[in-house]
Amino acid sequence: MRKLKEMFMMNIRQYAMMLALLFIVLLFQYLTDGVLLRPLNLTNIIQQNGYILILAIGMLLCILTGNIDLSVGSVAAFVGAVGGTLMTVWKWPVIPSILACLVLGILIGCWQGYWIAYFRIPAFIVTLAGMLCFRGLTLVMLKGQTLAPMPDLFRKLFTTFIPDVLGGEGLNYTALTIVAVLLCAFAFFELRDRQNKKAYGFEVAPFPFWVMKILLVAAVVTAFTYQLARYRGIPMVLVLLGALVLIYSFITRKTVFGRHVYAFGGNEKAAKLSGIDTNKVFFLVYANMGLMAAVAGLAFMGRLNAASPVAGVNFELDAIGACFIGGASASGGIGTVTGAIIGGLIMGVLNNGMSIVGVSIDWQQVVKGLVLLAAVAFDVYTKKKTAK
Amino acid sequence: MAKTLLRMKSITKTFPGVRALNDVCFDVEEGEIHALVGENGAGKSTLMNILSGVYPFGSYEGEIVFDGETCVFNTIKDSEKIGIVIIHQELALVPYLSIAENVFLGNERARRGVIDWSETYARTDDLLKQIRLHENPATITKDLGVGKQQLVEIAKAISKDVRLLILDEPTAALNDEDSNNLLNLLLDLKKKGITSIIISHKLNEVEKIADRITVIRDGAVIETLDNATKNIREDRIIKGMVGREIVDRFPKRPPHARGDLALEVRDWTVGDPLFFDRKKIKGVSFNVHKGEVVGLVGLMGAGRTELAMSLFGRSYGSDFSGCLFLGGQSATLHSPKEAIARGMAYVTEDRKSAGLILIDDIRHNISLASLGKLSDKRGVLDENKEITVAEDLRKKMSIKTPSVFQKVGNLSGGNQQKTILARWLFANPDVLLLDEPTRGIDVGAKYEIYCIINELAAMGKAIVLISSEMPEVLGMSDRIYVMNEGRFVGELDRESASQEAIMKCIMQSNREVA
């Protein structure tokens, strides 16, 4: 029992965030008379926040190095402007246009990463410069005007749903089937991990607890999918987001590169003296941020069905806020992808819930600001307590 | 019989799960220098923190009587008000402020919030004269050496009309000359009637200047030794500290034959990283054989750390020239990564800022330099293997924690040092450059680290031992190189090595340069 308590204490930040998210969801479910979790609204929340969450994943890596990226909103807008011009003005086909946009994102990331990692200009300054430059370039590119509409295929890629091949009256069976398969895979991998740990002779949580954990995850995911299935099923953005979360969770937790990022943020000198190519790690993190900004830019453009000169304004602040609410440390070395996603969802549900209740935009900002402050204050408080 | 200035009666302090101090009684007489010694974690700092008000009244049991009056300290300010000033191990100076600003920081000479600079500078000048620090009060603090910064701290303490000065490891970061200065200053202050308590691991200094020595072990006072006639010897103090007589402070190594050449350096020259025409290392040549421990001694600033780091993949310096041979083969190393790949390891002198990731756990700190060994070709880590490896090394190095999931920042200095050594043990290098491997750790942990060094040598590793503690180098090394001002000025074998011989080499080279 004491072991369990210790395990709980070690992950208190993660659990606290999940409980906070649960609390906010229940609160608004009550305040909105159940509108919040209705199938249509749930789908909306995902589509409204997808691109912020994508940015938050990339931002988390930057924050792990102890820095931030202020340019992502402008980069997303610029990539969108270029993509829009390619597809609507130059009439490029959709897929090559998307690839070109992704390459452009990586190039922009490399450009900023070069100054940050090899020239060692503070990331804050390089990305502040990027924020101005790429916003300006967006306006130049679009001549200050909105480009619309996008080709049908492009819009569909980011705004439609996984087609329901299994049919079903008012319920999307395909969505439920896919999630059932994914849950089985999840249980299988968890079980394998547990067996592996046992084979090594490590301590594992008692079996009933393990079963409870799996069942809890399955229940939440199934309930969530059921609501989506009652509307139009799984949105494409969710597929993209899910894939990115899986990939980046894996990279941060299980790969040498991920470990290098954490080591860099924890103590750069020590990392360097341990044989880590710190400049390269730093560079790759920012190159990757460029890629993620491009993905987010495309997703946003798809949802808007237009390339807008004011796209992406303040995205960087939402992404940074998501990471910090999700438990990342401003000084680097601490934070998880899951945390950033939970942080982003807390912000998203707050936005959506308050809008439904009828709280005006100005007050929404105040509430979001206070939530950010409270989350980090909680962090500092628990840290102080465990230190003593 | 002198008057008792301070009496701490039956002090008991408990932290959750630990009793840090148990019924401690501690007396200090007016005008004496009282040394407080004990291993790390024995409770010295806790006791001093209670005395200075860091732990407020009510968080401990017992009573403090200062100059006949019972004291209730709620903050550090309260203790300073009656003249108790503590100088912590980590200096609390603001680097970009001047000496004068630092001396009167928090105690500004001001009228209605406006600082009177003339008075500030005049009084600082006065204080600096008292402590014989010949610097302009307007000098920016970061431009001073550590030794002088320590003196500024003392000036700050005197400016507050100190009656009892507490110094926590004041000489830990100082070289011999600066240490002597500081100790002489303490003797001066004593003549002026200032009482001091000094906490130190450097027992030779303690035996030289302390009038009385109190030994603490496991949160209890073991004994108070009277050293008025300066006749207490180091061994006697150690006996009290560890509870048994340590016959050998350095473990014996069985006689062994010298192996092949592992590391050879010829004409190694390195420039300052910013001003590359200013040479830091000037044409150094030396070698280390397999299974050999080679000591590297010199005064602070001789260039030992710079030499080691420049060899370790050019981690320090610019404008490199000279040759480096590893296992007989020429090697040009551009980064620590390449150096590690060729079988080198460097254990830094500054474990907190350049060695460990303090916010991470033991496991990740051990695996940091050898992630390649724990992952497949695609760079995916085997975390289970990592835990197993780390757990093995934790037991082998007797890092005293329940598991490898402990945060390194919460460990004692000795355990932190063992964690770094474990990291390099796992990397399995041929040549180890150990820079001050026992700095700031207690006698017991030092002995364990000496054993590890000997074990590594017995495995055929070549070891370069850099240390400011001469007895340590003399006790551990097969051969000793003496370094001064970026040059090698002497090579001594085990038989001919002694503290005097080393100093002679340094003095001689200083004369030649002059």
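All values derive from a computational prediction rather than experimental measurement.

Quick notes on the rules
Residues numbered from 1 in each chain as written. Chains lettered and ligands numbered in written order. Predicted model: local features only at pLDDT ≥ 70, side-chain atom pairs only at ≥ 80, totals over all residues. Helix = DSSP H or I, 4+ residues; strand = E, 2+ residues; numbered from the N terminus. Rg over C-alpha atoms; globule rule 2.2 N^0.38 Å. Buried ≥ 20, exposed ≤ 12 C-beta atoms within 10 Å, placed from the backbone. Contact = placed C-beta atoms within 7 Å. Nonpolar A, V, L, I, M, F, W, Y, C, P; charged D, E, K, R; others polar. Expected span 1.5 Å × (residues − 1). Pairing = 2+ DSSP bridges. Axes fitted to C-alpha atoms, helices over the stretch in contact; angles between N-to-C directions. pLDDT = per-residue confidence, 0-100. Core = buried A, V, L, I, M, F, W, Y, C linked by C-beta atoms within 7 Å. Domains from an automatic or database assignment. Parallel < 35°, antiparallel > 145°, perpendicular 65-115°, else oblique. Left-handed = near helix turned anticlockwise from the far one by under 90°. Right-handed = clockwise from strand over helix to strand, strands pointing away.

## A few points about the overall build of chain B
Within chain B, the secondary structure is distributed over 17 helices and 22 strands. By the compact-globule yardstick of 24 Å for 514 residues, chain B fits well, its C-alpha radius of gyration being 25 Å. Along the longest, intermediate and shortest principal axes, the C-alpha atoms of chain B span 70 × 55 × 50 Å. For chain B, the residues scored as buried account for 45% of the 514 residues in total.

## Some words on the overall build of chain A
When you go through chain A residue by residue, the secondary structure sums to 16 helices and zero strands. Computed over its C-alpha atoms, the radius of gyration of chain A comes to 21 Å, within 12% of the 21 Å expected for a compact globule of 388 residues. In terms of overall dimensions, chain A has C-alpha extents of about 65 × 60 × 45 Å along its principal axes. Relative to its 388 residues, chain A shows a buried fraction of 41%. When contacts within chain A are restricted to residue pairs at least 6 apart in sequence, long-range pairs at least 24 apart make up 79% of them.

## Description of the interface of chain A and chain B
With 21 residues of chain A at the interface, the matching set in chain B holds 25 residues. Counting only elements with at least two residues in the side of chain A that touches chain B, the list comes to helix H8 (173-199), helix H11 (256-266) and helix H12 (268-273) of chain A. Top element by residues in the side of chain A that touches chain B is H11(A). It accounts for five residues. By residue class, the composition of the side of chain A that touches chain B is eight nonpolar, seven polar and six charged.

## Quick word on helix H5 (residues 146-159) of chain B
Residue and element names in this part refer to chain B. With 14 residues, H5 should cover 20 Å at 1.5 Å per step; its first-to-last C-alpha distance of 20 Å lies within 8% of that length. The buried fraction of H5 is high, at ten of 14 residues. Three or more residues of H5 are buried, namely Lys 148, Gln 149, Gln 150, Leu 151, Val 152, Glu 153, Ile 154, Ala 155, Lys 156 and Ala 157. Backbone geometry just after H5 places Asp 161 at a positive phi near 55 degrees.

## Re the pairing of strand E4 (residues 61-66) of chain B
All names here are of chain B. In this structure, strand E1 (residues 4-15) lies alongside E4, joined through five bridges in antiparallel fashion. Counterpart to Thr 12 in the pairing with E4 is Glu 61. Pairing of E4 with strand E5 (residues 69-70) involves two bridges; the strand directions are antiparallel. Within E5, the position partnered with Phe 66 by the bridge is Glu 69.

## Regarding the sheet that holds strand E17 (residues 329-330) of chain B
All names here are of chain B. One open sheet accounts for four strands, arranged E14-E13-E16-E17; its pairing is antiparallel. In this open sheet, the two edge strands, each paired with only one partner strand, are strand E14 (279-289) and E17. Bridging between strand E16 (residues 318-326) and E17 involves two bridges; their strand directions are antiparallel. Of the residues in E17, the one forming a bridge with Phe 325 is Ser 330. The sheet contacts of helix H9 (residues 304-311) involve strand E13 (261-271), E14 and E16, and relative to E14 the element is tilted by about 70 degrees.

## Things to note about the confidence of the model for chain B
Looking at chain B as a whole, its pLDDT mean stands at 88, while 98% of the residues score no less than 70. For this predicted complex, the interface confidence reaches an ipTM of 0.89, while the overall pTM sits at 0.84.

## What about the nonpolar core?
Among the nonpolar cores identified, the biggest contains 175 residues, and A:Leu55, A:Ala56, A:Met59, A:Leu60, A:Cys323, B:Leu433 and B:Ile463 are the most heavily contacted of them. By residue number, the principal contributor to this core is helix H13 (residues 278-304) of chain A, which donates 17 residues. With sequence-adjacent residues up to four places away left out, A:Ala56 is seen in contact with A:Ala319, A:Ala322, A:Cys323, A:Ala340, A:Ile341 and A:Gly344.

## Description of the domain arrangement of chain A
Residue and element names in this part refer to chain A. For chain A, the assigned domains read domain 1 (35-155 + 283-387) and domain 2 (161-234). Centre-to-centre, using C-alpha coordinates, domain 1 lies 28 Å away from domain 2. Across the boundary between the two partners, domain 1 contributes five residues, which contact five residues of domain 2.

## Some details on the packing of helix H4 (residues 72-89) of chain A against H13(A)
Residues and elements named next belong to chain A. Contact geometry of H4 with H13 gives a least axis separation of 8 Å together with a crossing angle of 60 degrees. Taken together, the axes of H4 and H13 are oblique relative to one another. Judged by the twist between their axes, the crossing of H4 over H13 is right-handed. Residue-level inspection shows Val 72, Val 75, Ala 76, Ala 77, Val 79, Gly 80, Gly 83 and Gly 84 of H4 in contact with H13, the latter providing Met 289, Gly 290, Ala 293, Ala 294, Ala 296, Gly 297, Leu 298, Phe 300 and Met 301. Per-class residue counts for the contact of H4 with H13 are twelve nonpolar, five polar and no charged.

## Focus: the pairing of strand E10 (residues 195-199) of chain B
Along any regular strand, the residues point their side chains to alternate faces of the sheet. Residue and element names in this part refer to chain B. When you tally the buried positions in E10, you get five out of five residues, the bulk of the element. Of the two faces of E10, the one holding Thr 195, Ile 197 and Ile 199 and the one holding Ser 196 and Ile 198 are both buried throughout. Pairing of strand E3 (residues 33-37) with E10 involves four bridges; the strand directions are parallel. Across the sheet, residue His 34 finds its bridge partner in E10, namely Ile 197. Crossover strand E9 (residues 164-168) to E10 through helix H6 (residues 176-191) is right-handed.

## Side note on the domain arrangement of chain B
All names here are of chain B. Domain annotation for chain B reports domain 1 (1-83 + 163-245), domain 2 (94-161), domain 3 (261-343 + 429-513) and domain 4 (357-428). One C-alpha centre belongs to domain 1, the other to domain 3; they are set 36 Å apart. Opposite the nine residues of domain 1 that make contact, domain 3 presents eight residues. Examining the composition of the side of domain 1 that touches domain 3, we find that three residues originate from one element, helix H8 (residues 234-242), more than from any other. Per-class residue counts for the side of domain 1 that touches domain 3 are four nonpolar, three polar and two charged.

## Details of the packing of H4(A) against helix H5 (residues 94-118) of chain A
Residues and elements named next belong to chain A. Where H4 meets H5, the axes come as close as 9 Å, and the angle between the chain directions of the two elements is 150 degrees. The pairing of H4 with H5 is recorded here as roughly antiparallel in orientation. For the pair H4 and H5, the crossing hand works out as right-handed. Residues Val 75, Val 79, Val 82, Gly 83, Leu 86 and Met 87 of H4 form the contact with H5, whose own contacting residues are Val 94, Ser 97, Ala 100, Cys 101, Leu 104, Gly 105 and Ile 108. In terms of residue class, the contact of H4 with H5 is made up of ten nonpolar, three polar and no charged.

## Remarks on the sheet that holds strand E6 (residues 84-87) of chain B
Residues and elements named next belong to chain B. Spatially, E6-E9-E10-E3-E11-E12 is the arrangement adopted by the six strands of the open sheet, whose pairing is mixed. A single partner strand is all that each edge strand has here, and the edge strands are E6 and strand E12 (220-226). The sheet shows a mean angle of 20 degrees between the axes of neighbouring strands, taken without regard to direction. Bridging between E9 and E10 involves five bridges; their strand directions are parallel. If you follow Leu 165 over to E10, its bridge partner there is Ser 196.

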